[in-house]
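Summary of structural features
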Amino acid sequence: VESVVLHGYAQSSTQALRLCADHDVAVQWITPSGVVMGAFSPLAASAQRHLRQFRALESPEERLRLARTLVTAKVDAQLQFLMRSTRGEERADAVLLILERIRAAQRAVQDVDSPDQLLGREGAAAAAYFEALGMLLRTDLDDRLRFKRRSRRPSADRFNTLLNYGYGMLFRECLAAITAVGLHPGLGFYHQPRSAAPPLVLDLMELFRVPLVDMAVVGAVNRLSFDCDEDFEEKGGHVWLSQLGKTKAIELFERRKQETWRHSVIGYSLSYARMIELEVRLLEKELNGEGRLFARFRLR
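What this report covers is the structure whose coordinates are included nearby. None of the values given here were measured: they were computed from a predicted structure. Every chain is numbered on its own, with residues counted from 1 as its sequence reads. Local features in this predicted model are restricted to residues whose pLDDT is 70 or higher, and side-chain atom pairs enter the listing and the counts only when it is 80 or higher, whereas totals over whole chains, interfaces and linings include all residues. Only hydrogens and water are set aside; all other atoms, that is, all heavy atoms of the structure, feed into the side-chain values.

Attention now moves to the overall build of the protein. Along the backbone of the protein there are nine helices and seven strands. The globule rule is 2.2 Å times the number of residues to the power 0.38, and the radius of gyration it is compared with is taken over C-alpha atoms. A compact globule built from 300 residues should have a C-alpha radius of gyration of about 19 Å, and the protein, at 19 Å, falls within 12% of that. Whether a residue is buried, partly exposed or exposed follows from its accessible area with a 1.4 Å probe, protein chains only, as a fraction of its type maximum: under 20%, in between, or over 50%, in that order. Across the 300 residues in the protein, those meeting the buried criterion constitute 50%. Here the contacts in the protein between residues at least 6 apart in sequence split such that 61% fall between residues at least 24 apart. Taken as a whole, the protein presents about 14,600 Å² of accessible surface, with 52% of it coming from carbon and sulfur. For this count, His and the chain ends are skipped, Lys and Arg are scored as positive, and Asp and Glu as negative. The location of each charge is read from NZ of Lys, CZ of Arg, CG of Asp or CD of Glu. For the protein, the distance from the average site of its 42 positive side-chain charges to the average site of its 38 negative ones is 2 Å. By definition, any uninterrupted DSSP run of H or I lasting at least four residues is a helix, any uninterrupted run of E lasting at least two residues is a strand, and each is numbered from the N terminus. We call two residues in contact when some of their heavy atoms are within 4.5 Å. Throughout, the Shrake-Rupley method with a 1.4 Å probe supplies accessible areas, and for residues the shown protein chains are the sole cover considered.

Attention now goes to the nonpolar core. Counting residues in hydrophobic clusters, the biggest one holds 90 residues, and the most contacted among them are Leu133, Phe189 and Phe294. A per-element tally of this core places helix 7 (residues 199-222) first, with 16 residues. Setting aside residues no more than four positions away along its own chain, leucine 133 makes contact with Phe81, Phe147, Phe159, Leu163 and Val218. What is meant by a nonpolar core is a set of buried Ala, Val, Leu, Ile, Met, Phe, Trp, Tyr and Cys residues, joined one to another through side-chain atoms within 4.5 Å.

With respect to the helices and strands, arginine 262 occurs in strand 6 (residues 260-262). Assessed through its relative accessible area of 54%, arginine 262 is described here as exposed. As for arginine 262 and arginine 300, which are separated by 38 residues in sequence, their C-alpha atoms are 9.8 Å apart. N or O atoms within 3.5 Å of each other form a polar contact, as long as, within protein, one can give a hydrogen and the other can take it, and as long as residues adjacent in sequence are counted only when both atoms are side-chain atoms. Here the side chain of arginine 262 touches glycine 267 through a polar contact of 3.4 Å, landing on its backbone oxygen.

Turning to empty space enclosed by the protein, a few remarks are in order. As defined here, a cavity is a set of points on a 1 Å grid over the protein atoms alone where a 1.4 Å probe fits but cannot get out. A pocket is an open set with protein on both sides within 12 Å along at least five of seven lines, and residues line them when an atom is within 4 Å of a point. Grid points are joined across faces, edges and corners, and a volume is the space filled by probe spheres set on the points. Summed over all chains, the structure comprises three cavities of 30 Å³ or more. Elements supplying a minimum of two residues to the lining of the largest cavity: helix 6 (158-181), helix 7 and helix 8 (243-258). For this classification, Asp, Glu, Lys and Arg are treated as charged, while Ala, Val, Leu, Ile, Met, Phe, Trp, Tyr, Cys and Pro are nonpolar and the rest, including Gly, are polar. Taken together, the residues of the lining of the largest cavity break down into 10 nonpolar, one polar and no charged. Space inside the second largest cavity adds up to approximately 50 Å³. Every residue lining the second largest cavity is listed: Ala73, Lys74, Asp76, Ala77, Leu207, Pro211, Phe297, Arg298 and Leu299. Mapped onto the lining of the second largest cavity, the elements with two or more residues apiece are helix 3 (60-85) and helix 7. Examining the composition of the lining of the second largest cavity, we find that four residues originate from one element, helix 3, more than from any other.

Of the volumes computed, that of the largest pocket is approximately 1,000 Å³. Looking at the largest pocket, it is lined by 38 residues, and the ones nearest its centre are Arg152, His191, Leu202, Met205 and Arg209. At the level of elements, strand 3 (36-40), helix 3, helix 5 (115-133), helix 6 and helix 7 are the ones that each hand at least two residues to the lining of the largest pocket. Here the element with the most residues in the lining of the largest pocket is helix 5; it accounts for eight residues. Residues that form the lining of the largest pocket fall into these classes: 19 nonpolar, nine polar and 10 charged.

With that settled, the discussion passes to the environment of alanine 177. Along the polypeptide, alanine 177 turns up in helix 6. It is 16 Å that separates the C-alpha atoms of alanine 177 and histidine 23, two residues lying 154 residues apart in sequence. In this structure, alanine 177 is in contact with Ile276, Glu277 and Val280, ignoring residues within four places of it in sequence.

A word on the side chain of serine 271. Note that serine 271 resides in strand 7 (residues 269-271). Not counting residues up to four positions away in its chain, the partners in contact with serine 271 are Lys257, Gln258, Glu259 and Thr260.

Once that is clear, we can look at the packing of helix 7 against helix 8. With axes taken as lines fitted to C-alpha atoms, and helix axes fitted only over the stretch in contact, angles between N-to-C directions fall between 0 and 180 degrees. Between helix 7 and helix 8, whose axes approach to 10 Å, the crossing angle comes to 125 degrees. Classified by the angle between their axes, helix 7 and helix 8 sit oblique to one another. In this structure, the crossing between helix 7 and helix 8 has a hand that is right-handed. Where helix 7 abuts helix 8, its residues Pro211, Leu212, Val213, Met215, Ala216, Val217 and Ala220 lie against Leu252, Phe253, Arg256 and Lys257. In these notes the angle categories are as follows: under 35 degrees is roughly parallel, over 145 is roughly antiparallel, 65 to 115 is roughly perpendicular, and the rest is oblique. Two helices that cross are described as forming a left-handed crossing if the nearer one is turned anticlockwise from the farther one by less than a right angle, and a right-handed crossing if clockwise.

Glancing now at the pattern of salt bridges. Take a side-chain nitrogen of Lys or Arg and a carboxyl oxygen of Asp or Glu: if they are within 4 Å of each other, that pair is a salt bridge. For the structure on display, the rule yields 25 salt bridges. Note that aspartate 143 is salt-bridged to lysine 148, the shortest N-O span being 3.9 Å. We note a salt bridge from lysine 248 to aspartate 231, for which the minimum N-O separation is 2.9 Å. In this pair, lysine 248 is assigned in helix 8 and aspartate 231 in the loop between helix 7 and strand 4 (232-235), connecting sequence segments 17 residues apart.

Here it is, written out as structure tokens:
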């Protein structure tokens, strides 16, 4: 057992938390909709590691360099996923136009000289990507499972509900990895501290949204793994996962975490769960001036 996740109104006794601490097991508290509310880790972070992180990220130039590297990796993942999913068939003109919009944003990322410009380029790529995402779904789907536009919490439709719940679980994984390595999740280089979510966790998530959540959700929906009535509930004009739907979503994410992928930089295969921790360790080395291997892996 590497972590205990308390969903909704579940409780944990002091004795259970002590047992988790004795065995280096992290504990996270998550709302019924998948939002991470807090986390407990028995690992004591190194103050020197935090100081090195703070010193490195004091530099606006270093933050922008890392952010540019991160956004390049994210946009490339979006592009590769769309290209893989439409390979072997004649791409429609609409798909070709979207791919070109993403490529244009990807090229422009290299020339930005401010965080605001970078946000603009990333936003342009994301808008094109989500415009195409619905085109990857099978044509005979129940219309209630179709993806029309991106909506965050609370979700407006079933597909967004699955995406948002998956991103919530990815948030938990990234937070646990950052804490385990000993970096401070509250100091990132791209996202700004505008909410309760730690910025470095949001930064790390960008690398894994496509391979760990988007690809898994599109595949599951196309396999008809989710039932529109049994796995979802509609309340107050919004859509939520039912208890059965949450169970399926968790199983989907956990299976995806254990799938292996050949890391294009280090050259050997490892699970996505291990890859998240590896990227945190590569970031730590980069903050110490070693290597420059963070966010260099690519989908193929």
